[in-house]
Each structure stands twice: as structure tokens, then as C-alpha cells.
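# Inside the fold
Now for the letters of each chain:
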Amino acid sequence: MVQAQQISLTKYLWFPINREGWPFVGLFALGALLLGQIWAPLGWAGALLTCWCAWFFRDPDRVTPTRDGLVISPADGVVQMVGMVAPPPELEMGEEPRMRISVFMSVFSVHINRCPVDGTIVKCSYRPGQFLDASLDKASADNERMSVRMSRADGREIAFVQIAGLVARRIKCDLKDGQAVRAGQRFGLIRFGSRVDVYLPAGVSPLVSLGQSIIAGETVLADLDSTEGARQGEIR
């Protein structure tokens, strides 16, 4: 029991930092040193901000379910919206509404994004835009975004969209057209608070509920081979 507790404690005290975050951590640390030269309390405040910056860019490993047909969450956060919406027009997937699951990431969430299914990237499309609060529905249409269309081996297509938020000012996506990817594979991040939308194939119901906290690379959003209806949830 003691050993298990020590392993759990180590998991939270030590965590890998994504390489994209090191320049920011370095800048925060330098700022803390300079502030400390001016006034010691400012230096301590800077040190706390440096720790937060390192925590923001943490990049923990995840255990991804590998059964075929599962759609895995591409982002940590909270399920904020679930409903029928047409995919972004730049992906050329038609105007027919699809089930969309929106995951909101706060500044305290892990911001590393992961692929939702195994398949091939069909199209990546970047669109500049505003920086409205990512919790607003209109952020899907008005905010800066990176939209990705991908195809599974069975021909069914899924789309996911990285959306910049009120604080976010940088979307990073490493995917390229024609690239083969696996579910749970890291593909990018959004800096400092944002949202990721997932568009499911026609007829597929979500297996998550509004307000549910989910984990990128681990939480199952949907099962393409299931006939189960949309799940409901309540706070208890």
C-alpha cells in the first residue's frame, strides 16, 4: 500500500515537459530572477508563475484503448457542448450536420492534443480569426482554428478542430495531408486555454455527457460500432 502511494505521489510531483514549453519556462525563470533582484517577494511570485508554466506544458503518457471503432478524446478538459452541427466548410465535408462534441480546456488542463482514431489525414486547413472566449458557441466559426479531416480504413471520416480561445494566441499542429496516424498519438497543442471540437460520422452517438471531465488519449468519446444511444449524466 505504501509503495502504491509513493508511485501515485511521484506521478504528480514529476512530469515530463513538452519541448514546445521549454522556451517559455526559461523566459518565466529569467523573469523571476530579474524580479528577485528588484524585490524578493516579486522573485517568489515569478517562481510560482514559472512553476505554473512548467505545469501547463506537462506532457504525461496516456494509456489509449486500442479496440477498433473507438473514438478517443483529443483533449483534456470538460465536455461543454454536444449537438448536431455542420463541419467547418474548409474541410469540404458537406453541409449536413454531424454530431459534434466540444471539449473546453482551461489554463490548468494538459494542452497536448492527440489523434482520436487510427487513420489517414485527408486535409489540414488553418483559418485565422478572432480570440473570443472559447466557451462561446460562435467561437467555432469566428475564432482562429486549425481544422483536420481524417479517414479510417473503413472509409468513415472524422473531423477535429483546434480552436484558439480568449487567452490562446498560438495553435500548433504537426499533422500533414496524407499522414498515417494512430489513436492517442500526439499531434500538437494550443497555448493557454482553448477548445477542441470533434465531428463524428453520421449515425454515431456520443458516450460522454455535458459537464463530464475527460482525458486526452484515454476517454472514449464514441464507439463507431455501437448502437447505444447518447448517454445522459447528472451531478452527484
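Residues numbered from 1 in each chain as written. Predicted model: local features only at pLDDT ≥ 70, side-chain atom pairs only at ≥ 80, totals over all residues. Heavy atoms only, no water.

## Section: the overall build of the protein chain
For the protein chain, the count of helices and strands is 4 helices and 13 strands. A globule of 236 residues ought to have a C-alpha radius of gyration of about 18 Å, and the protein chain, at 19 Å, matches this closely. Taken along the three principal axes of its C-alpha coordinates, the protein chain extends 60 × 50 × 40 Å. A fraction of 72% describes how many contacts in the protein chain between residues 6 or more apart in sequence connect residues 24 or more apart. In the protein chain, 25 positive and 24 negative side-chain charges are present, and the distance between their average locations comes to 5 Å. (Helix = DSSP H or I, 4+ residues; strand = E, 2+ residues; numbered from the N terminus. Rg over C-alpha atoms; globule rule 2.2 N^0.38 Å. Contact = heavy atoms within 4.5 Å. Lys, Arg positive; Asp, Glu negative; His and termini not counted. Charge placed at Lys NZ, Arg CZ, Asp CG, Glu CD.)

## Focus: the UniProt feature "transmembrane region" (unreviewed entry) in the protein chain
Summarizing the sequence annotation, UniProt attributes the feature "transmembrane region" (unreviewed entry) to residues 24-57 in the numbering used throughout. Spanning residues 24-57, this segment combines 94% helix with 0% strand, and its end C-alpha atoms are found 9 Å apart. (UniProt positions renumbered as here; feature names shortened; annotations may be inferred.)

## Quick word on the sheet that holds strand S8 (residues 171-173)
The strands making up a sheet associate through hydrogen bonds between their backbones, and the pairing can be parallel or antiparallel. The strand order across the open sheet built from 3 strands is S4-S10-S8, with neighbouring strands paired in antiparallel fashion. The two strands at the open ends of the sheet, each matched to only one other strand, are strand S4 (112-114) and S8. The sheet shows a mean angle of 25° between the axes of neighbouring strands, taken without regard to direction. With 3 bridges joining them, S4 and strand S10 (residues 186-190) adopt antiparallel strand pairing. Its bridge partner lying in S10, Arg114 is registered against Arg186. (Pairing = 2+ DSSP bridges. Axes fitted to C-alpha atoms, helices over the stretch in contact; angles between N-to-C directions.)

## Regarding the environment of Ala29
Residue position: Ala29 is located in helix H2 (residues 22-38). On the basis of relative accessibility, which here comes to 29%, the residue Ala29 falls in the partly exposed class. Considered as a pair, Ala29 and Thr50 are 21 residues apart in the sequence and their alpha carbons are 5.6 Å apart. (Buried < 20%, exposed > 50% of the residue type's maximum accessible area, 1.4 Å probe, protein only.)

## Structural notes on helix H3 (residues 40-56)
Spanning 17 residues, H3 covers 24 Å between terminal C-alpha atoms, matching the ideal 24 Å at 1.5 Å per step. Regarding H3, the residues found buried are Gly43, Gly46, Thr50, Cys53, Ala54 and Phe56. Down the axis of H3, the sector holding all buried residues measures 150°, keeping them to one side. The exposed set on the far side of H3, more than 90 degrees from its buried face, consists of Trp44, Leu48 and Cys51. Looking at the buried side of H3, the elements it contacts are H2 and S10. (Expected span 1.5 Å × (residues − 1). Arc of directions from axis to C-beta.)

## Comments concerning the domain arrangement of the protein chain
Splitting the protein chain by domain gives domain 1 (9-57) and domain 2 (70-223). Placing a centre on the C-alpha atoms of domain 1 and another on those of domain 2 gives a separation of 29 Å. Contact with domain 1, which involves 7 residues of that partner, is made by 11 residues of domain 2. Summing both partners gives a buried area of about 870 Å² for domain 1 against domain 2, and 71% of it is carried by carbon and sulfur. (Domains from an automatic or database assignment. Buried area = accessible area lost by both parts, 1.4 Å probe.)

## Topic: the pattern of salt bridges
For the structure on display, the rule yields 18 salt bridges. The shortest N-O distance in the salt bridge between Glu20 and Lys172 comes to 3.5 Å. Placement of Glu20 in the loop between helix H1 (2-13) and H2 and of Lys172 in strand S8 is noted, with a sequence separation of 152 residues between them. Lys172 sits in the buried class, given a relative accessible area of 16%. (Salt bridge = Lys/Arg side-chain N within 4 Å of Asp/Glu carboxyl O.)

## Details of the environment of Gly178
Looking at the element boundaries, Gly178 is found in the loop between S8 and strand S9 (180-181). According to the relative accessible area criterion, Gly178 is exposed, its value standing at 55%. Once the C-alpha coordinates of Gly178 and Ile121 are considered, the two residues, 57 residues apart in sequence, prove to be 5.2 Å apart. For Gly178, the residues in contact, after removing those within four places along its chain, are Thr120 and Ile121.

## Some points on the confidence of the model for the protein chain
Per-residue pLDDT for the protein chain averages 89, and the proportion of residues at 70 or more is 92%. Note that pLDDT drops below 50 for residues 1-10; the model gives that stretch 0 contacts with residues more than four away or on any other chain. (pLDDT = per-residue confidence, 0-100.)

## Description of the pairing of strand S11 (residues 194-199)
It is a general feature of regular strands that their side chains alternate between the two faces of the sheet. Across the 6 residues that make up S11, a large majority, 6, are buried. Pairing between strand S3 (residues 98-105) and S11: 6 bridges, direction antiparallel. Its bridge partner lying in S11, Met105 is registered against Ser194.

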